[in-house]
Amino acid sequence: QVQLVESGGGLVQPGGSLRLSCAASGTIFSIYAMDWYRQPPGKERELVATSTSGGSTKYADSVKGRFTISRDNAKNTVYLQMNSLKPEDTAVYYCNAHISPSSNGMVFSYWGQGTQVTVSS
């Protein structure tokens with residue numbers, strides 16, 4: 001059984017910063033890509049940032065230069081540092097990880113429960 005637990009969301013003023021964390025626990029053999037998605041109110045879920053096991057990263061155009069994804073492989077944790085936040089960044093943020101629970105090569109996609117980020121004055 002694998003679990004992803006997110007933390008770090010909250011209310012912040014425009015221009016402020018937040019740091020989200022997502023820790024994977026349980027039966028884990030390997031972790032591949034770890035991603036952050038978000039779902040604004042009334043809209044579809046969208047990919048925000050990706051971190052591969054090889055260390056490369058990718059960002060949505062809307063957050064480039066403001067958000068930074070990083071990971072601590074020893075802690076099975078991925079982070080999302082969000083700076084210069086805007087009201088349009090308001091959303092529920094979800095962590096997604098591609099994990100092999102065993103050495104048989106099968107990879108599964110796991111989701112966190114989501115954490116609310118609200119950017120408002």
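Overview of the structure. Numbering of residues starts from 1 in every chain and runs along the sequence as written. The predicted nature of this model means local features are confined to residues of pLDDT at least 70 and side-chain atom pairs, given and counted, to a pLDDT of 80 or more, with totals for whole chains, interfaces and linings taken over all residues. Note that water and hydrogens are dropped before the side-chain values are worked out from all heavy atoms of the structure.

1. Considerations on the overall build of the chain
Right, on to step 1. The helix count covers DSSP runs of H or I at least four residues long, the strand count covers runs of E at least two residues long, and both are numbered beginning at the N terminus. Secondary structure assignment for the chain yields 0 helices and 11 strands.
Right, on to step 2. Put simply, the chain runs from its N terminus to its C terminus through helices and strands in the order β-β-β-β-β-β-β-β-β-β-β.
Right, on to step 3. To get the radius of gyration, use the C-alpha atoms; to get the globule rule, take the number of residues to the power 0.38 and multiply by 2.2 Å. Scaling as 2.2 N^0.38, a compact globule of 121 residues should have a C-alpha radius of gyration of about 14 Å, and the chain matches this with 14 Å.
Right, on to step 4. By its C-alpha atoms, the chain is 50 × 25 × 25 Å across when sized along the principal axes.
Right, on to step 5. Three exposure classes are used, based on accessible area relative to the maximum for each residue type with a 1.4 Å probe and protein chains only: buried under 20%, partly exposed in between, and exposed over 50%. When the 121 residues of the chain are sorted by exposure, 40% land in the buried category.
Right, on to step 6. Within the chain, contacts between residues at least 6 apart in sequence are counted, and of these 55% link residues at least 24 apart.
Right, on to step 7. A gap of 4 Å separates the mean positions of the 10 positive and 8 negative side-chain charges of the chain. In this analysis, two residues are considered to be in contact whenever any of their non-hydrogen atoms come within 4.5 Å of each other. Working convention for charge: Lys and Arg count positive, Asp and Glu count negative, and His plus the chain ends are omitted. Where a charge lies is defined by one atom per residue type, namely NZ (Lys), CZ (Arg), CG (Asp) and CD (Glu).

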